[in-house]
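Observations on chain architecture
The residues making up each chain are set out below.
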Amino acid sequence: GTLAPGNSPGEMHFTGSLLMDSTATIQMELASSGSFDQITVDGMFTYDGVLNITLLGGYFPGVGDTFDLFGAGSVTGGSQFDAIAFDVAGYDGTLNYGTGVLTISAVPEPKTLTLVGAAGLVLLMGARRRTGMR
């Protein structure tokens, strides 16, 4: 099933523990740097399944922005989501499972990676020729 804090954005509080299994999806929404869904668990939180992050109302986060999505009394060791789906091309979200904080990062475009790799190869070949290496 899907767990969604809901009221765009919303908050959920569990007084016990929360166990997500591999078929579960948690739907979290970001509306601004100060307005986003949150889930708080007083007991043990076991992450699993898929974390799906969506943006609301035209909001677009910046690289390095952080969102305190989850709070827990404790986290089951080794538990993590199978996937984090982030709906913004060129950006990614990394979750610190211990603190529940999502950090936004940029994902290099494939053509940028290809250009960087090609430039490195050209530099390496030039260096090998200057030193007489083959």
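Look a little higher up for the structure.
Described below are features of the structure shown in this document.

Quick notes on the rules
Residues numbered from 1 in each chain as written. Predicted model: local features only at pLDDT ≥ 70, side-chain atom pairs only at ≥ 80, totals over all residues. Heavy atoms only, no water. Helix = DSSP H or I, 4+ residues; strand = E, 2+ residues; numbered from the N terminus. Buried < 20%, exposed > 50% of the residue type's maximum accessible area, 1.4 Å probe, protein only. Areas by Shrake-Rupley, 256 points an atom, 1.4 Å probe, with all protein chains shown as cover. Phe/Tyr/Trp six-rings, centres within 6.5 Å; stacked < 30°, edge-to-face > 60°. Contact = heavy atoms within 4.5 Å. Pairing = 2+ DSSP bridges. Axes fitted to C-alpha atoms, helices over the stretch in contact; angles between N-to-C directions. Polar contact = N/O pair within 3.5 Å; in protein donor to acceptor, adjacent residues only side chain to side chain.

1. Re the overall build of the chain
Along the backbone of the chain there are one helix and 12 strands. When the helices and strands of the chain are placed in sequence order, the string is β-β-β-β-β-β-β-β-β-β-β-β-α. Considering the chain as a whole, with its 134 residues, one finds that 28% of them fall into the buried category. For the chain, the exposed area adds up to about 7700 Å²; of that, 56% sits on carbon and sulfur atoms.

2. Looking at the environment of V41
Within the secondary structure, V41 sits in strand β6 (residues 38-46). Once the C-alpha coordinates of V41 and G16 are considered, the two residues, 25 residues apart in sequence, prove to be 6.7 Å apart.

3. Structural notes on the packing of aromatic side chains
What the rule picks out here adds up to 10 aromatic pairs. Where Y47 meets F70, the ring centres are 5.6 Å apart and the plane angle is 80°; that geometry is what we call edge-to-face. Note that Y47 is positioned in the loop between β6 and β7 (50-55) and F70 in strand β9 (residues 70-75), a separation of 23 residues in sequence. Across the pair, F70 and Y47 agree in class, each one buried.

4. Looking at the environment of H13
In this structure, H13 sits in strand β2 (residues 11-14). Placed 29 residues apart in sequence, H13 and D42 show a C-alpha to C-alpha distance of 7.9 Å. Among all residues touching H13, those that are not within four sequence positions of it are T40 and D42.

5. Observations regarding the sheet that holds strand β11 (residues 91-96)
As summarised here, the arrangement of the three strands in space is β8-β12-β11, forming an open sheet in which the pairing is antiparallel. The outermost strands of the open sheet, each flanked by one partner alone, are β8 (66-68) and β11. The average angle at which neighbouring strand axes cross in this sheet is 25°, direction not considered. With three bridges joining them, β8 and strand β12 (residues 101-106) adopt antiparallel strand pairing. Residue pairing across strands places D68 opposite V101, the latter belonging to β12.

6. Brief notes about the side chain of S79
Checked against the element boundaries, S79 lands in the loop between β9 and β10 (83-86). Separated by 3.3 Å, the side chain of S79 and the backbone nitrogen of Y47 make a polar contact. In this structure the side chain of S79 is engaged in a polar contact, spanning 2.9 Å, whose partner is the backbone oxygen of T76. Apart from the residues within four sequence positions on either side, S79 is in contact with F45, T46, Y47 and Y97.

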